[in-house]
Amino acid sequence: MTISLPFFLALAAVAGGGACWILFPRIRERYWRFRGARIVKCPDTGNLAEAEVYASLAALTGAWWRPLRRVKSCSLWPAWKRCTRRCGRENWPRA
């Protein structure tokens, strides 16, 4: 008994569509949560800074596990050259 290729393609399409149906709302919600700049306390200098993370990276990784919050820009970068970018991991607001 052999199963044809169109059956496997249809099965893969249904499984992929189901995965997208479940994951798309989670990705969208996390993107909206992480977009835009936030005021955070810099762990290196102790000063307040306006920082922004890569919202798309946080949304895609946050659909399965804890989101990766990589700093995209910071108001202290022109003056502070030794930035470790820990504010994205440590001090980023949860909501």
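As for the overall build of the protein
Alright, step 1. Broken down by element type, the protein carries three helices and three strands.
Alright, step 2. Its helices and strands in sequence order give the protein the pattern α-β-β-α-β-α, from N to C terminus.
Alright, step 3. Taken over the C-alpha trace, the protein has a radius of gyration of 20 Å; the compact-globule value for 95 residues is 12 Å, which it surpasses by more than 25%.
Alright, step 4. The C-alpha extent of the protein, read off along each of the three principal axes, is 70 × 25 × 20 Å.
Alright, step 5. Taking all 95 residues of the protein together, 22% fall into the buried category.

Here's the deal with the packing of aromatic side chains
Alright, step 1. Taken as a whole and assessed by the stated rule, the structure comprises three aromatic pairs.
Alright, step 2. Between Trp64 and Trp65, the aromatic rings sit 6.1 Å apart at their centres with planes inclined by 35°, giving tilted as the arrangement.
Alright, step 3. Using a relative accessible area of 52% as the deciding quantity, one classes Trp64 as exposed.

A short note on the sheet that holds strand β2 (residues 48-53)
Alright, step 1. If you walk across this open sheet you meet the three strands as β1-β2-β3, and the pairing is antiparallel. Each edge of the sheet is formed by a strand with only one pairing partner; in this case those strands are β1 (37-41) and β3 (71-74). Geometrically, the sheet is characterised by an average inter-axis angle of 40° between neighbouring strands, direction not taken into account.
Alright, step 2. Where β1 lies against β2, five bridges are found, and the strand directions are antiparallel. Bridging across to β2, Ala37 finds its partner in Glu52.

Digging into the packing of helix α1 (residues 5-34) against helix α2 (residues 55-62)
Alright, step 1. Where α1 contacts α2, the axes come no closer than 8 Å and their chain directions differ by 145°. Relative to α2, α1 is oriented so that their crossing is right-handed. Contact with α1, carried on its side by Arg26, Ile27, Arg30, Tyr31 and Phe34, involves Ala55, Ser56, Ala58, Ala59, Leu60 and Gly62 of α2 and no other residues of that element.
Alright, step 2. When the residues that make up the contact of α1 with α2 are grouped by side-chain class, the tally is seven nonpolar, two polar and two charged.

Basis of the calculations
- Residues numbered from 1 in each chain as written.
- Predicted model: local features only at pLDDT ≥ 70, side-chain atom pairs only at ≥ 80, totals over all residues.
- Heavy atoms only, no water.
- Helix = DSSP H or I, 4+ residues; strand = E, 2+ residues; numbered from the N terminus.
- Rg over C-alpha atoms; globule rule 2.2 N^0.38 Å.
- Buried < 20%, exposed > 50% of the residue type's maximum accessible area, 1.4 Å probe, protein only.
- Phe/Tyr/Trp six-rings, centres within 6.5 Å; stacked < 30°, edge-to-face > 60°.
- Pairing = 2+ DSSP bridges.
- Axes fitted to C-alpha atoms, helices over the stretch in contact; angles between N-to-C directions.
- Left-handed = near helix turned anticlockwise from the far one by under 90°.
- Contact = heavy atoms within 4.5 Å.
- Nonpolar A, V, L, I, M, F, W, Y, C, P; charged D, E, K, R; others polar.

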